[in-house]
Amino acid sequence: QVQLVESGGGLVQPGGSLRLSCAASGSISSINTMQWYRQSPGKQRALVAISSSTGITNYIDSVKGRFTISRDSAKNSWYLQMNSLKPEDTAVYYCSLVSDSQICWGQGTQVTVSS
């Protein structure tokens, strides 16, 4: 059973930066996609960024140019570098892994962007 542990959330001022980390334990297929989602109160969980094992990355339009997803396969980890943060980025952020036709989720980490 794969377990995902994420960290890096916190309170940051508008324009600031945070780096979220997600680490997976257990065996992971070399064919996979790693994702970051976020969820604000009263809204559905929304996809933010995807990194595929083929090297493709994609982002929602609202974070393009500000967020970067990356991975370190040797560490079974992936990251979300968030720059130029805006109040509307405030949400609980969840990492996820899709592998072997299954999706696994991290526990969530709160990101609050406020002055």
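Let me begin by describing the structure that accompanies this report. Remember, predicted model here, so these are calculated numbers, not experimental data.

A closer look at a nonpolar patch on the surface
- Taken together, V98, I103 and W105 make up a surface patch of nonpolar side chains, about 230 Å² in accessible area.
- Since its relative accessible area comes to 39%, I103 is described here as partly exposed.

Observations regarding the nonpolar core
- Judged by nonpolar contacts, the single largest core of 24 residues is most densely connected at W36, F67, W78, L80, M82 and Y93.
- When contributions to this core are tallied by element, the ones reaching two or more residues are β3 (18-25), β4 (32-39), β5 (46-52), β7 (67-72), β8 (77-82), β9 (91-99) and β11 (109-113).
- Other than its neighbours up to four places away in sequence, L80 contacts L18, R19, L20, W36, A49, F67, T68, I69 and Y93.

Overview of the side chain of D89
- Relative to the helices and strands, D89 resides in the loop between β8 and β9.
- Residue D89 is classed as buried on the basis of its relative accessible area of 0%.

Here we look at the environment of G106
- Along the chain, G106 falls in the loop between β10 (102-105) and β11.
- G106 sits in the buried class, given a relative accessible area of 9%.
- A C-alpha to C-alpha distance of 19 Å links G106 and S30, two positions 76 residues apart in sequence.
- Those residues within four positions of G106 in sequence are excluded, and the remaining contacts are L4, E6, Y94 and C95.

Topic: the sheet that holds strand β1 (residues 3-7)
- Pairing within the open sheet is antiparallel, and its four strands lie in the order β1-β3-β8-β7. Two strands close off the open sheet at either side, each with one partner strand: β1 and β7. For this sheet the average axis-to-axis angle between neighbouring strands, irrespective of direction, equals 15 degrees.
- Bridge analysis of β3 against β8 gives six bridges, and the strand direction is antiparallel. Residue R19 lies in a different strand from β8, and its bridge partner there is Q81.

Some remarks on the pattern of salt bridges
- Applying the stated rule across the entire model yields three salt bridges.
- A salt bridge links D61 to K64, with the nearest nitrogen and oxygen atoms 3.1 Å apart.
- Ionic pairing is found between R66 and D89, a salt bridge with its closest N-O pair at 2.7 Å. Of the two residues, R66 is situated in the loop between β6 (57-59) and β7 and D89 in the loop between β8 and β9; the sequence distance between them amounts to 23 residues.
- Taken together, the shared-partner salt bridges in this structure form one network comprising R38, R66 and D89.

Rules behind the numbers
Residues numbered from 1 in each chain as written. Predicted model: local features only at pLDDT ≥ 70, side-chain atom pairs only at ≥ 80, totals over all residues. Heavy atoms only, no water. Patch = residues over 30% accessible without salt bridge, like charges linked within 9 Å, V, L, I, M, F, W, Y side chains within 5 Å. Areas by Shrake-Rupley, 256 points an atom, 1.4 Å probe, with all protein chains shown as cover. Salt bridge = Lys/Arg side-chain N within 4 Å of Asp/Glu carboxyl O. Buried < 20%, exposed > 50% of the residue type's maximum accessible area, 1.4 Å probe, protein only. Core = buried A, V, L, I, M, F, W, Y, C linked by side-chain atoms within 4.5 Å. Helix = DSSP H or I, 4+ residues; strand = E, 2+ residues; numbered from the N terminus. Contact = heavy atoms within 4.5 Å. Pairing = 2+ DSSP bridges. Axes fitted to C-alpha atoms, helices over the stretch in contact; angles between N-to-C directions.

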